[in-house]
Amino acid sequence: MFQVRIHGRGGQGVVTAAEILSVAAFDEGRHAQAFPSFGSERTGAPVVSFCRFDDRVIRTREPVMEPDAVIIQDVTLIHQVDLFSGLSPDGYVLINTSNSFSDLGFGDFFDQYHTERLMTCPATDIALEHLGRPLPNAALLGGFAALTGEIAWDSIDKAVREHFAGPVGERNAAAVRAAFDYVASKVKEVARASTN
Amino acid sequence: MLRQIEGSKAIAETVALCRPEVVCAYPISPQTHIIEAVGAMVKAGTLAPCEFINVESEFAAMSVAIGASATGARAYTATASQGLLFMMEAVYNAAGLGLPIVMTLANRAIGAPINIWNDHSDAMAVRDSGWIQLFAETNQEASDLHVQAFRLAEELSVPVMVCVDGFILTHAVEGVDLLDQSFVDSFLPPYEPRQMLDTKAPVSIGAMVGPEAFEEVRYLAHLRQLDALERIPEIAREFFESTGRESGGLVRPYRTEDAETVVVAMGSVLGTIKDAVDARRDLGERVGVLGVTSFRPFPSDAVRDALAHARQVVVIEKAFSIGAGGVLSTDIAIAIHHEQTLLRTVVAGLGGRAITQRSLEKVLDHASRDELAALTFLDLDQGAVDRERARMHATRRSGPSAENLLRDRSAVSPRAHA
Amino acid sequence: MTSQRVHFYQVGSFAVGNRLLDEDERTVQAHSDRTNSIDSGHRACQGCGEALGARYALDAAMRATNGQIVAVNATGCLEVFSTPYPETSWRIPWLHSLFGNAPAVATGVAAALRAKGQKDVRVVAQAGDGGTVDIGFGCLSGMFERNDDVLFICYDNEGYMNTGVQRSAATPPAARTATTEAVGPEPGNTFGQGKDLPRIAMAHNIPYVATATVADLHDLERKVERAMEFRGARYLHILVPCPLGWGSASAETILIARLAQESGMFPVFEAEHGVVTSVSHIRRPVPVEQYLSRQRRFAHLFGANPRPDIVAHLQSMAEENIARYGLLQPEMERSS
Ligand SMILES: Cc1ncc(C[n+]2csc(CCOP(=O)(O)OP(=O)(O)O)c2C)c(N)n1
Ligand code: SF4
Ligand SMILES: [Mg+2]
């Protein structure tokens, strides 16, 4: 089972992101479950959604407390919300920001983690470029595919086009591709640096 | 067709396949997505003929359903929590009149303090109303149960409530195999009312009944629920034969054959419990699960059979009767009525508190060592309760307890739930 | 009495030049010693008209009563966003009971105050349009009919916003909501339905009924103060645009409220004992299109498949309002 927790703010499509991710996993023939953190939050309030997928039937209904990956859609949540609780040292982190991971002021918090699994991605900039709106959720899923390799890029692509019909789907798919390429190249960069 | 779909949408689409003729809607979380989706189908003309009525309260919603059903239409509505209580008088009335309305209850806690999250207090509050109450374990079952519910309701002239855990199921996106129209049409024949407002054959429905016959009327309602005890498994079997899916029925045992300890529960938490039970089985413990699908009518015989060999029964309940204890537990106790069995009640998941596998395993661990008290509350913060008791003791004007407890808990674990 | 006592200065943004007024003509909100009955830190959306309306209304009520207010609140956005876990924005005694019973709970508070001889403490009950015109209507009519000493304020955002934007009996025709989707031949909410609560309130012959919008702060505050001069049941119906539910820009809440009034879609008036005593005249009449086209809930009337027939229907409703209340300035009526 692979479990993902997505943090963001109301209005950023946090719940949609988990849903699309689950559809992508479903399209790959896996069992998948997505659900929101069920608040009565207004626009701008911190929200969480979850997605888990597995080759076996998923029976559990508990929230994701020990995620394999955490996606952070809004960098202003850092130091406000307990974003990384339960994340194992083998876990992945993808943060939406144009800063680099080391500039985010985590200190020694991630010393035990794998550097090549900790990434940032300027998903809002990518979204602005391709959608004209600051909605980073779809782009981050492309980044997620590149970072973890758990879901194929084209499954995300298909699920995004299914969710957003027509030209909006096209534009989101372009954002997915751009973020995928961005993160994939960063992952390669880190890998090269660590083998040197 | 198997689709990755939100629970509410799967339910709405299945309800539409049942060809309801009157749907009345009043919004309340977490039921809203269901009625919104049905409303959109009516508005778009894909569900027709069907009247979709946006009413002004839940009391009106159930009342509209009563009028429609008494006029021979297949009627559907959905609600939760405060909404169910607001329609309470009409809920009893629909059952008393024997009108086969189907209602989805997206289970949610009852306030005050206001809380939109899941537990079973709402369903328990109407357990004596005369409605059949079926609990869904997954969204697949939630969808399937609606077709069975209309069939059951109309055969027996008894309203049926399909209980679906709010948010946990209604807002979860997962794989659901949706039925096709031809199957539903063959499984669910057109509604043939037993009583109907008809100018060609006028009847009076709802006359006063005095002491001379009231008891008989009530007893008859009870007998109809006992009939349902027969029909629920038969309908589920028939459904299984066509679809291959084990949706519905009275109870659902899992690894109970040689189990010393059996956990009993209702609804979506059964999935997490099964995971916990598998984990304990791997450690060599003999534990099993009994899911209760039909809460009303209560399947005493089936429960007794399933628990006959258990030394200990642990009932995990998402509700309780304040001042007494477990609700489901009481029915279980009456069903098994033997002194040798240890009966334990664990109240869990109130107001949406997550029920985790870790906590469940702790319960099973205590149970295996006979250390479980007769009534416990899962993951209760005893310290916070004690501190509030102390405050109440220290000052007369200690203020609203709910707010005090919130502040206390958030001071201990700041933003733990953010 | 006229509702345009103050002739304020207008800039392109419709902002009111408070600074240019005499000290005693400035609004309650213009004073640094205002009571902040609903304090900052609540969780309403950006540009929420309801948050604004509640703030104006309650601080005005506080000034009118020397800070002697108890508030009762129905379930809804205002209740939810003002009491976020684990905090509260209210600096006045405040009680939330249920969605449908706020008028009756307020009657209870008023009765207790009377029983205790606390004549100076006044009761304000507040609810959204759903809590007022739909589920709370029975209790509200009872409170009116008994003439209980309660000021009831309806924050009308024309839908059930707290539960995700469903239709209420205050939703205008053609508006898209989650239960009146913009699909089919008659997209959005149905014509020929809905309730005009201010007029229903007037039919109860209660001492004071008024409507207002968050676009005219002076008018709104004055009406609250006027309401507090009466004893008995009073009703104030405030139009509060909801950026989320209406699909409007957060920065345009005031503008949209003003356009609602200036187009005739929302008549602003006051009535005493069942008789209209003043109306806010339209100063710069605008076609309803200008009001509608700024809101995504009406988007299906414009764009690729426009529905001029439906817009015309809404325009005729606005004109009915204009005629019923005489909303045009007398000199304009002459010139047109
Ligand atoms: C008896 C009952 N039914 C339904 C609800 C769910 N509910 C809570 S607030 C609300 C909508 C509120 O709408 P409105 O009164 O217009 O206030 P708004 O949120 O728009 O400000 C609904 C349907 C409830 N709390 N109680
Ligand atoms: S949904 Fe509308 S009424 Fe509710 S807080 Fe947001 S803007 Fe205000
Ligand atoms: Mg409203």
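Nothing here was measured: the structure is a model prediction, and the numbers come from that model. (Residues numbered from 1 in each chain as written. Chains lettered and ligands numbered in written order. Predicted model: local features only at pLDDT ≥ 70, side-chain atom pairs only at ≥ 80, totals over all residues. Heavy atoms only, no water.)

Novice: Sorry if this is basic, but what is going on with the nonpolar core here?
Specialist: Generally speaking, nonpolar side chains in soluble globular proteins are found buried as a group. Grouped together as the largest cluster of nonpolar side chains are 99 residues, with contacts concentrated most on B:Met62, B:Val264 and B:Ile332. A domain-level breakdown of this core finds at least three residues from each of domain 1 (2-243) and domain 2 (251-377) of chain B. Beyond its immediate chain neighbours, meaning those up to four positions away, B:Val264 contacts B:Leu290, B:Val292, B:Leu307, B:Val313, B:Val314, B:Val315, B:Ile316, B:Leu328 and B:Ile332. Counting 63 residues, the second largest nonpolar core, distinct from the first, contains C:Val224, C:Ala227, C:Val240 and C:Val268. (Core = buried A, V, L, I, M, F, W, Y, C linked by side-chain atoms within 4.5 Å. Buried < 20%, exposed > 50% of the residue type's maximum accessible area, 1.4 Å probe, protein only. Domains from an automatic or database assignment. Contact = heavy atoms within 4.5 Å.)

Novice: Hey, could you run me through the interface of chain A and chain B in this one?
Specialist: Accessible area lost during the coming together of the parts is what is often quoted as the interface size. With 23 residues of chain A in contact, the opposing surface of chain B contributes 30 residues. Here chain A packs against chain B, burying approximately 2000 Å² in sum over the two surfaces, 56% of which is carbon and sulfur. Counting across the chain A and chain B interface gives four salt bridges. Ionic pairing is found between B:Asp278 and A:Arg59, a salt bridge with its closest N-O pair at 2.6 Å. Our count for the contact surface shared by chain A and chain B stands at ten residue pairs in polar contact (both at pLDDT 80 or more). For the side of chain A that touches chain B, the secondary-structure elements that each account for two or more residues are helix 1 (14-27) and strand 2 (31-36) of chain A. (Buried area = accessible area lost by both parts, 1.4 Å probe. Salt bridge = Lys/Arg side-chain N within 4 Å of Asp/Glu carboxyl O. Polar contact = N/O pair within 3.5 Å; in protein donor to acceptor, adjacent residues only side chain to side chain. Helix = DSSP H or I, 4+ residues; strand = E, 2+ residues; numbered from the N terminus.)

Novice: Just checking my understanding: could you explain unusual backbone geometry for this structure?
Specialist: For residues besides glycine, phi is generally negative; the peptide bonds are generally trans as well. Residue and element names in this part refer to chain B. Note that the residue after Ser-29, namely Pro-30, is joined by a cis bond; omega there is 0°. With an omega of 0°, the peptide bond running from Arg-296 to Pro-297 counts as cis. Positive phi values are uncommon outside glycine, yet Arg-255 reaches one of about 55°. The residue Arg-255 is located in the loop between strand 9 (251-254) and strand 10 (261-265) in this model. The backbone of Asp-370 shows a phi angle near 55°, a positive value even though the residue is not glycine.

Novice: Whenever I open this one, the layout of surface pockets confuses me. Can you help?
Specialist: Regions of empty space are outlined by a rolling probe, equal in size to a water molecule, passed over the atoms. Residues and elements named next belong to chain B. There is about 1200 Å³ of room inside the second largest pocket. Taken together, 42 residues form the lining of the second largest pocket, with Ala-95, Val-217, Arg-218, Ala-221 and His-222 sitting closest to its centre. Put simply, the parts of the chain that give the lining of the second largest pocket at least two residues each are helix 5 (88-97), helix 9 (214-243), helix 11 (300-307) and helix 12 (328-336). With ten residues, helix 9 is the largest single contributor of residues to the lining of the second largest pocket. Of the residues in the lining of the second largest pocket, the class split is 22 nonpolar, eleven polar and nine charged. The residues that make up the lining of the second largest pocket include at least three from each of domain 1 (2-243) and domain 2 (251-377). (1 Å grid on protein atoms, 1.4 Å probe; cavity = no way out; pocket = protein on both sides within 12 Å on 5 of 7 lines; lining within 4 Å. Points joined across faces, edges and corners; volume = space filled by probe spheres on them. Nonpolar A, V, L, I, M, F, W, Y, C, P; charged D, E, K, R; others polar.)

Novice: Would you mind showing me how to read the pattern of salt bridges here?
Specialist: Residues and elements named next belong to chain B. Across all of its chains, the model carries 57 salt bridges over all chains by this definition. A salt bridge links Asp-185 to Arg-19; the nearest nitrogen and oxygen atoms lie 2.9 Å apart. Placement of the pair is Asp-185 in helix 8 (residues 181-187) and Arg-19 in the loop between helix 1 (7-17) and strand 2 (22-25), with a sequence separation of 166 residues. Note on Arg-19: relative accessible area 42%, which makes it partly exposed. Salt bridges linked by common partners bring Arg-280, Glu-285, Glu-361, Asp-365, Arg-369 and Glu-371 together as one network.

Novice: I'm lost on the coordination of the magnesium ion (ligand 3) in this one. Help?
Specialist: Reference values for angles at a metal are 109.5 degrees in the four-donor tetrahedral case and 90 or 180 degrees in the six-donor octahedral case. All names here are of chain C. Binding of the magnesium ion (ligand 3) to the protein goes through Asp-129 (OD), Asn-157 (OD1) and Gly-159 (O), at separations of 2.0 to 2.1 Å. Coordination of the magnesium ion (ligand 3) draws on donor residues from a single chain, spaced D-x27-N-x1-G in sequence. Taken together, the residues Asp-129 in helix 4 (residues 129-134) and Asn-157 in the loop between strand 4 (150-156) and helix 6 (197-203) connect sequence positions 28 residues apart. (Donors = N, O, S within 2.8 Å, 3.2 Å for Na, K, Ca; no water.)

Novice: It is not clear to me how empty space enclosed by the protein should be interpreted in this structure. Could you clarify?
Specialist: Going through the model one piece at a time under the given rule, you end up with six cavities of 30 Å³ or more. Around the largest cavity, the lining residues are A:Arg42, C:Ala44, C:Cys45, C:Cys48, C:Glu50, C:Cys77, C:Phe81, C:Asn157, C:Met161, C:Cys242, C:Pro243 and C:Leu244. Broken down by secondary-structure element, the contributors of at least two residues to the lining of the largest cavity are helix 2 (77-82) and helix 8 (243-246) of chain C. Its residues assigned to classes, the lining of the largest cavity comprises nine nonpolar, one polar and two charged. In this structure, the second largest cavity encloses a volume near 50 Å³. Lining the second largest cavity we find B:His120, B:Met124, B:Ala265, B:Met266, B:Val269, B:Ile316, B:Glu317, B:Lys318, B:Ala319 and B:Leu328. When its residues are assigned to classes, the lining of the second largest cavity shows seven nonpolar, one polar and two charged.

Novice: Mind showing me how you'd approach the pairing of strand 3 (residues 51-54) of chain B here?
Specialist: Residue and element names in this part refer to chain B. By the alternation rule, side chains of strand 3 split into Phe-52 and Asn-54, which are all buried, and Glu-51 and Ile-53, of which none is buried. One ladder, built from four bridges, connects strand 2 with strand 3; its direction is parallel. Bridging from a neighbouring strand, Ala-25 pairs with Asn-54 of strand 3. Taken together, strand 2, helix 2 (residues 32-44) and strand 3 constitute a β-α-β crossover, and its handedness is right-handed. (Pairing = 2+ DSSP bridges. Right-handed = clockwise from strand over helix to strand, strands pointing away.)

Novice: Mind showing me how you'd approach the site of ligand 2 here?
Specialist: Every residue near ligand 2 is listed here: A:Arg42, C:Ala44, C:Cys45, C:Cys48, C:Cys77, C:Phe81, C:Asn157, C:Cys242, C:Pro243 and C:Leu244. More than one chain lines the surroundings of ligand 2; the residues nearby belong to chains A and C. Of all the secondary structure elements, the ones that give two or more residues to the shell around ligand 2 are helix 2 and helix 8 of chain C. In terms of residue class, the shell around ligand 2 is made up of eight nonpolar, one polar and one charged. (Near = heavy atom within 4 Å.)

Novice: How do you make sense of the packing of helix 3 (residues 137-148) of chain A against helix 5 (residues 166-195) of chain A when you look at a structure like this?
Specialist: Working note: a packed helix pair is described by the angle between its axes plus the distance between those axes. All names here are of chain A. Put simply, helix 3 and helix 5 touch, their axes get as near as 7 Å, and they point 35° apart. For the pair helix 3 and helix 5, the crossing hand works out as right-handed. When helix 3 is examined against helix 5, the residues Ala-138, Ala-139, Gly-142, Gly-143, Ala-145, Ala-146 and Leu-147 are found in contact with a partner set consisting of Asn-172, Ala-175, Val-176, Ala-179, Phe-180, Val-183, Ala-184 and Val-187. (Axes fitted to C-alpha atoms, helices over the stretch in contact; angles between N-to-C directions. Left-handed = near helix turned anticlockwise from the far one by under 90°.)

Novice: I tried to follow the side chain of B:Lys318 on my own but got confused; where do I start?
Specialist: All names here are of chain B. Its place among the elements puts Lys-318 in the loop between strand 13 (312-317) and helix 12. According to the relative accessible area criterion, Lys-318 is buried, its value standing at 6%. A distance of 2.8 Å separates a polar atom in the side chain of Lys-318 from a polar atom in the side chain of Asn-118.

Novice: Looking at this structure, how should I read the sheet that holds strand 7 (residues 160-165) of chain B?
Specialist: The strands that make up a sheet are held in pairs by hydrogen bonds between backbone atoms, and each pair lies either parallel or antiparallel. Residue and element names in this part refer to chain B. Read across the sheet, seven strands follow the order 3-2-4-5-7-6-12 without closing on themselves; strand pairing throughout is mixed. Each having just a single partner strand, strand 3 and strand 12 (294-296) make up the two edges of the open sheet. Averaged over all neighbouring strand pairs, the angle between strand axes comes to 20°, with direction disregarded. Here strand 5 (residues 102-107) runs beside strand 7; their pairing, made up of six bridges, is parallel. The residue of strand 7 that forms the bridge with Thr-104 is Val-162. Packed on one face of the sheet, helix 7 (residues 139-156) meets strand 4 (75-79), strand 5, strand 6 (132-135) and strand 7 and runs near 165° to strand 7. With respect to the sheet, helix 9 is in contact with strand 6 and strand 12, its orientation differing from that of strand 6 by roughly 35°.

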